[in-house]
Amino acid sequence: MHGLGNDFVVFDCINQNVSLNREQIRFIADRHFGIGCDQILLVEKTSTGADFFYRIFNADGGEVEQCGNGARCFVRFVHDHGLTKKNPVRVTTLSGEITPVLQENGDVMVDMGIPLFEPERIPFVADKQAITYLLDVEGKTVKISVLSMGNPHAVRIVENVETAPVNSEGAFIETHPRFPKRVNVGYMQIDDRHHIRLRVFERGAGETLACGTGACAAVVTGIRQNLLDTPVSVSTRGGKLSVSWDGENTPVMMTGPAVSVFEGEINL
Ligand SMILES: N[C@@H](CCC[C@H](N)C(=O)O)C(=O)O
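Remember, it's a predicted structure, so these values are computed and weren't measured experimentally.

**Student:** Is there a simple way to think about the UniProt feature "binding site: substrate" (unreviewed entry) in the protein chain in this case?
**Tutor:** According to UniProt, the feature "binding site: substrate" (unreviewed entry) maps to Asn6, Gln39, Asn58, Gly68, Asn69, Asn151, Asn184, Glu202, Arg203, Gly212 and Thr213 in the numbering used here. Mapped onto the elements, Asn69 comes out in helix 2 (residues 68–80). If sequence neighbours within four positions are ignored, Asn69 has contacts with Gly3, Leu4, Asn6, Ala210, Cys211 and Gly212. Looking at the secondary structure, you find Asn151 in the loop between strand 10 (140–148) and strand 11 (152–157).

Below, the structure is given as structure tokens:
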């Protein structure tokens, strides 16, 4: 499946027993020797009171807390496979519960929860909470915003997203010692108060064609700095998402497509 080209291998772990080790995850995600994807999603039962639990693994094998494009694909998957007729669907991830809604036009709207800014909750090493921080990156200082959308994000505003150092600097920031759990790194170009362009170097996957939580993090960053107004259209290399946020202590709403490409079996 994919959400704007951010691609997933999704497993039904309700009708079959699936347990994958790190090596198998990396093999499935390998674009040359396996199937190829940015993330692997496992759709499971839950006893938390939600309808499902879904687990998210990056291509490098690491399990992570949240995935925006994955959340949209998840709801399409459970509907297309007859696993539920409910709409909205309550689903728990490692970062808590979210509620994707399948819309009549096929797009999915997801309440992605309330963004967190306290450095220790991201986690990010800082003396005190601020709107922006200065980070030492390979001998220069860059200005970033940091926040959690369930998973950690750093967002940098750039003049031109096409020439931004996404793969070089992004890889460096991903493993910067001030991010103890590593970080997803977004580069945002602001076109006007309702339009941005975004590229994201994802933790554990490298640059992807789109990142849903990255889009939410960028929009929140722009609104907090009074550079954007809700709703915001986010153009990624894989297509467009719509993100809205009404400010502190309110949830971020993200709307976009979710597409199934093919189904199959793999011998592990
Ligand atoms: N592609 C995702 C985010 C997947 C997880 C991320 N790489 C992380 O490590 O937190 C999205 O659409 O949000």
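This is not the end of the story, as more comes after the structure.
**Student:** Help me out: how do you make sense of helix 2 in this one?
**Tutor:** Residues spaced three or four apart along an α-helix face the same direction, because each turn holds 3.6 residues. Between the first and last C-alpha of helix 2 there are 19 Å, a value that for 13 residues agrees with the 18 Å anticipated at 1.5 Å per step. Most of helix 2 sits out of view: 11 of its 13 residues are buried. For helix 2, the set of buried residues is Gly68, Asn69, Gly70, Ala71, Arg72, Cys73, Phe74, Val75, Arg76, Phe77 and Val78. Just downstream of helix 2, Gly82 is the residue with a positive phi angle, here 65°.

**Student:** I'm lost on the UniProt feature "active site" (unreviewed entry) in the protein chain in this one. Help?
**Tutor:** The positions UniProt marks with the feature "active site" (unreviewed entry) are Cys67 and Cys211. These annotated residues cover 145 residues of sequence, but their C-alpha atoms sit close together, with the largest distance between any two at 7.9 Å. Secondary-structure assignment places Cys67 in the loop between strand 5 (63–64) and helix 2. By the C-beta count within 10 Å, which is 30 here, Cys67 ends up buried. Residue contacts for Cys211: discarding those within four places in its chain leaves Asn6, Gly68, Asn69, Asn184, Val200 and Glu202.

**Student:** Even after reading the chapter, I still don't get the nonpolar core, so can you show me in this structure?
**Tutor:** For soluble globular proteins, nonpolar side chains are generally found buried alongside one another. If you look at the biggest cluster of nonpolar residues, it comprises 75 residues, and the most contacted ones within it are Leu41, Phe74, Ala215, Cys216, Val219 and Val243. When residues are assigned to domains, this core turns out to be shared by domain 1 (2–102) and domain 2 (119–256), each giving three or more. In contact with Phe74, other than residues within four places in its own chain, are Leu41, Val43, Tyr54, Val91 and Pro100.

Rules behind the numbers
Residues numbered from 1 in each chain as written. Predicted model: local features only at pLDDT ≥ 70, side-chain atom pairs only at ≥ 80, totals over all residues. UniProt positions renumbered as here; feature names shortened; annotations may be inferred. Helix = DSSP H or I, 4+ residues; strand = E, 2+ residues; numbered from the N terminus. Contact = placed C-beta atoms within 7 Å. Expected span 1.5 Å × (residues − 1). Buried ≥ 20, exposed ≤ 12 C-beta atoms within 10 Å, placed from the backbone. Core = buried A, V, L, I, M, F, W, Y, C linked by C-beta atoms within 7 Å. Domains from an automatic or database assignment.

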